[in-house]
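# What the coordinates show
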Amino acid sequence: MFTRIGLAVSRHPVAVIVVWALLLAVMTGLAFQGLGAGGLFDRLASAEATTPDTDSHIVYSMTRTDGTGGESITVVVSGIDVAGDPAGAAAAASAVRGDLAGLDGVASVTDAFTTPDPASQQARALLSADGDGFVELVELDEELDDRASQAVNDRVAETARGAGADAHAVSATLISDSITGLVEKDLVRGESVSLPVALVLLVIVFGGLLAAGLPLIGAIVSILTGMGALWCLTFVIDINSFTLNVISIIGLALSIDYGLLLVSRYREEMAARLAGAEPPRGAAMGGLVWQVVVRTVATAGRTVSFSALTIACSIAGLFVMRSPVLRTIAAGAVVVTLLAVTCTLTLVPAVITLLGRRLVRPSALSRMPGVRRVLAAVGDSSSDDGVFSRLSRRVVAHPWAVMVVIVALLAVMAAPVGSLRVRSNFTEYMPADSDVRAGYEVVQDDYPALATPTISVVEQTDTAGAAGLVRDISALDRVSHVAVSDLPDHEGMVRVDVLMDVDDPVGDEAVDAVARIRAMTADHPFWVGGAAAQQTDFTNAMLDRAPWSALIIVVAVFVLLFCMTGSLVLPLKALVINSFSLVASLGATSWFFEGGHLGLPQTPGLQTFIVACLAAFGFGLAMDYEVFLLARISEYWQAGHENDEAVARGLQRSGRIITSAAAIIIAVFLGFVSGEMIAIKQIGVGLAIMVAADATLVRLLLVPATMTVLGQWNWWAPRPLAGLHARLGRQG
């Protein structure tokens, strides 16, 4: 099959490039223009990550639709001495109120000074508990559509900033916009750092700009096309804003990995055909390029296809999760993975076919004395003997010692997993220095009646019937305020908002309070929600579906690696080693962030959905390098070499590719750490640690050591399965 793909692409390279160019133009236009329906950034969702069919989701769904009016915006004004100068405060409020009420789309503006009784509880709720400010409650016109409501939110926020006081506007729309804006900003910053660094490293690996640009072309095309595909998906499902950063990271990583392997294999095959002679000219060179491209796609193309399928299946394990956020991230990652491998199998070979002789001609860099030595050490050309084959032979000579040392190192890295804490706090995604974050924190600290409750309870009863549960909740430790209100849109339901005096709304104290409330009894149904409850339900749902996700990954890896190697032992070994490596990397990531080491922000734990993504993507990327290594070792084994010799030669041929790719990918991942969003920093650092550990400790040392110990058993399979693999190999 891969030979046929190589033949088709090499015979019609211009047609392949034109098709990709048209697809890229269309998808880019959709992603950034949207044909009047808004671009991708306009259509991304930033809603809280609730889990369907849980208590917290029921509470979230019922409470977010309260009221019959339009959207509400809270404008919080600080620095006003309400207690010492009530007349001055009233004048200041009147001025702000007038500015806001004059905006198109604003239905009403309410504050403490417009209420019938300024001494009432309703009025006091709109004044700062410290006596240094007030809030304006802005209600928008009910008939506004989403775009018009967005525009009014922006005008209210701008008016608040120009009010002449310390004023900030807070609303669900403004919070969502701040998060989406940060995602866009971090995406641009991450790629502006990652792409130049990746290009420099690729130039070092290939010794020239032309060959180095091919993997990056594939990366850019894959990412932009994937963004267009995500735009199309927004009409079917809600795409979370984090998905965009995740697919950019994965798209860059895989495209560079696959492009690097393909271009390196092309140059290796061309060098073998030329055997030191000068490349021919004219039609002879064209025929040689055609033959080498076909051979490259048949070998390296097969390898990257197995790798992409393995990664896609690893990521597909997230589809069984109940969280929509994880499923949409999985959808985006699978799409960009398939685009990356398709681009590598078609677009990159097509460009190689047209470039022909230029890719094997020495570049100007290779003629520079200082640079020549570096290129000789880390360049992509290799023989059957070199630094990696010598490393492999040393490992072969002392396999048990190597295994003990590496396993001990991985165990040390894995130790912090025992104290790993996961968390899901939506408000932490807001930019730290934004107006909306500042306003939100002031409301939380100074306006208990308006603050987002730590816990929300919905009861199927009336206010009187809720008294018993309210009394029990009020008696809990750290509960500072409990308010009961009717749910206007849900007859026979009341809402109980619980505000706790805790530093962390999703910390241990809040989570414990959720458990205690859920254990309470009442003579009517009730549901417990809020941030801590959402975190609990998200984690429990993830753990509940984790075995099914693991089963998908295990079956996929077994099937795909068997199809590639014909062995049942190698897939089993890969699963065990990669799982251990994954746990070790999670432990190291947890240690870095919970301790705030190496200048990273100190956090109380890792975001829950980030842990799930790290597990899926990290396992997939580990399998990526496993496939790269086993593909070459398998080639030598099937050519008749002894096991140890096949391991040595396979590591020599793939070692530079793996280490070079890993170095570039680590640079790409760390480029996204330069952004502000903690979740993206965590996934960037986590994946960088996983790739670094896998490409060095595991792939270069532990795998050769275990393959030496197993010897001939590496390639064992029952006779019927061995025959099946042979038939599949002939068909492929």
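Everything discussed here concerns the structure shown above.
Before going into details, it helps to say that this report is about the structure given with it.

Reading the values: rules and limits
All residue numbers refer to positions counted from 1 along the written sequence of the respective chain. The predicted nature of this model means local features are confined to residues of pLDDT at least 70 and side-chain atom pairs, given and counted, to a pLDDT of 80 or more, with totals for whole chains, interfaces and linings taken over all residues. Excluded from the side-chain calculations are hydrogens and water; all other atoms, namely the structure's heavy atoms, are used. A run of H or I in DSSP counts as a helix once it spans at least four residues, and a run of E counts as a strand once it spans at least two, with each numbered from the N terminus. Our radius of gyration is a C-alpha quantity, and the globule rule it is checked against amounts to 2.2 Å times the number of residues to the power 0.38. Buried, partly exposed and exposed residues are distinguished by accessible area as a fraction of the type maximum, computed with a 1.4 Å probe on protein chains only: under 20%, between the cut-offs, and over 50%, respectively. Whether two residues are in contact is decided by their heavy atoms, any of which lying within 4.5 Å being enough. What sets the accessible areas is the Shrake-Rupley method with a 1.4 Å probe; for residues, cover comes only from the shown protein chains. Only four residue types enter the charge count: Lys and Arg as positive, Asp and Glu as negative, with His and the chain ends excluded. By convention, charge coordinates are those of NZ in Lys, CZ in Arg, CG in Asp, or CD in Glu. Strand pairing is assigned whenever DSSP identifies at least 2 bridges connecting the two strands. Each axis is a line fitted through C-alpha atoms, taken for helices only over the stretch in contact, and angles between the N-to-C directions span 0 to 180 degrees. Roughly parallel refers to an angle under 35 degrees, roughly antiparallel to one over 145, roughly perpendicular to one between 65 and 115, and oblique to any angle outside these ranges. By definition, any crossing whose near helix is turned counterclockwise from its far helix by less than a right angle is left-handed, and any crossing with a clockwise turn is right-handed. Residues enter patches when they are more than 30% accessible in relative terms and free of salt bridges; like-charged ones are connected within 9 Å and nonpolar ones (Val, Leu, Ile, Met, Phe, Trp, Tyr) within 5 Å. Put simply, a salt bridge is a Lys or Arg side-chain nitrogen that is within 4 Å of an Asp or Glu carboxyl oxygen. Working definition of a nonpolar core: buried Ala, Val, Leu, Ile, Met, Phe, Trp, Tyr and Cys residues. They are joined through side-chain atoms within 4.5 Å. Charged residues are taken to be Asp, Glu, Lys and Arg, nonpolar residues to be Ala, Val, Leu, Ile, Met, Phe, Trp, Tyr, Cys and Pro, and polar residues to be all remaining types, Gly included.

A few words on the overall build of the protein. Within the protein one finds 24 helices and ten strands. Against the 2.2 N^0.38 benchmark of 27 Å for 732 residues, the protein shows a C-alpha radius of gyration of 30 Å, consistent with a compact globule. Overall size of the protein, expressed as C-alpha extent along the three principal axes, is 95 × 50 × 45 Å. Looking at the protein as a whole, 55% of its 732 residues are labelled buried. In the protein, the proportion of contacts linking residues at least 24 apart, taken out of those at least 6 apart, comes to 80%. When the accessible surface of the protein is summed, it comes to about 29,700 Å², and 61% of that surface belongs to carbon and sulfur atoms. Distance between charge centroids for the protein: 23 Å, based on 47 positive and 68 negative side chains.

Okay, the pairing of strand β6 (residues 455–459) next. In terms of burial, β6 is a largely internal element, five of the five residues being buried. Residues Ile 455, Val 457 and Glu 459 of β6 are buried on one face, and the alternating residues Ser 456 and Val 458, pointing to the opposite face, are buried as well. The pairing of β6 with strand β8 (residues 494–500) spans five bridges and is classified as antiparallel. Residue Ile 455 lies in a different strand from β8, and its bridge partner there is Val 498. Bridge count between β6 and strand β9 (residues 526–529): four bridges; the pairing is antiparallel. Paired with Glu 459 across the two strands is Phe 526, which belongs to β9.

To continue, consider the sheet that holds strand β4 (residues 166–170). With antiparallel pairing, four strands are arranged side by side in an open sheet as β2-β3-β1-β4. With partners counted over all chains shown, the strands left at the sheet margins are β2 (106–110) and β4, one partner each. When the angles between neighbouring strand axes are averaged without regard to direction, this sheet yields 20°. In this structure, strand β1 (residues 72–78) lies alongside β4, joined through five bridges in antiparallel fashion. When the bridges of β4 are listed, Val 75 appears paired with Ala 169. Its contacts with the sheet place helix α7 (residues 146–161) against β1, β2, β3 (133–140) and β4, and it is angled at close to 165° to β4. Relative to β4, helix α16 (residues 435–446) is tilted by about 95°, and along the sheet it contacts β1 and β4.

Let us look at the pairing of β3. Counted residue by residue, β3 has six buried out of eight residues, so it is predominantly covered. Here β1 pairs with β3 via seven bridges, running antiparallel. Looking at β3, one finds that Val 77 is bridged to Phe 134. Bridge count for β2 against β3 is four bridges, and the pairing is antiparallel. Looking across to β3, one finds that Val 109 is bridged to Val 138.

A word on the sheet that holds strand β7 (residues 479–486). Across the sheet, four strands lie side by side as β7-β8-β6-β9; this open sheet has antiparallel pairing. Each of the sheet's edge strands pairs with one partner strand only, and the pair in question is β7 and β9. Strand after strand, the sheet turns through a mean of 15° between neighbouring axes, direction not considered.

Contact geometry for helix α1 (residues 2–11) and helix α12 (residues 324–355): axes closest at 8 Å, N-to-C directions at 50°. Considering their axes alone, α1 and α12 lie oblique with respect to each other. Crossing handedness for the pair α1 and α12: right-handed. In contact with Ile 5, Val 9 and Ser 10 of α1, α12 contributes Leu 345, Thr 346, Pro 349, Ala 350 and Thr 353.

Taken together, the side chains of Val 14, Val 18, Leu 22 and Leu 354 make up a nonpolar region of the molecular surface, amounting to roughly 370 Å² of accessible area. A per-element tally of the nonpolar patch places helix α2 (residues 13–32) first, with three residues.

Relative to the helices and strands, Ile 577 is located in helix α20 (residues 569–595). C-alpha separation for the pair Ile 577 and Thr 706, spaced 129 residues apart in sequence, amounts to 9.7 Å. Excluding residues that lie within four positions of it along the chain, Ile 577 makes contacts with Val 698, Leu 702, Val 703 and Thr 706.

Another aspect to go through is the nonpolar core. Grouped together as the largest cluster of nonpolar side chains are 186 residues, with contacts concentrated most on Val 156, Phe 609, Phe 617, Phe 669 and Leu 687. Apart from the residues within four sequence positions on either side, Phe 669 is in contact with Ile 249, Ala 253, Leu 621, Gly 684, Leu 687, Ala 688 and Val 691. One finds Leu 469, Val 470, Phe 526 and Ala 532 within the second-largest nonpolar core, a separate group that totals 22 residues.

To continue, consider the pattern of salt bridges. Inspection of every chain in the model, using the stated rule, returns 20 salt bridges. In this structure, Glu 158 engages Arg 161 in a salt bridge whose closest nitrogen and oxygen atoms are separated by 2.6 Å. With Glu 158 and Arg 161 both in helix α7, this residue pair falls three residues apart, about one helical turn. For Arg 699, the salt bridge identified is with Asp 694, shortest N-O distance 2.4 Å. Both residues of the pair, Arg 699 and Asp 694, belong to the buried class.

Moving on to the packing of helix α18 (residues 508–518) against helix α19 (residues 531–565). In contact at an axis separation of 9 Å, α18 and α19 are set at 80° when each is read in the N-to-C sense. For the element pair α18 / α19, the angle class is roughly perpendicular. Together, Ala 510, Val 511, Val 514 and Arg 518 of α18 and Ala 532, Ala 533, Gln 535, Thr 536 and Asp 537 of α19 make up the contact between the two elements. Residues that form the contact of α18 with α19 fall into these classes: five nonpolar, two polar and two charged.

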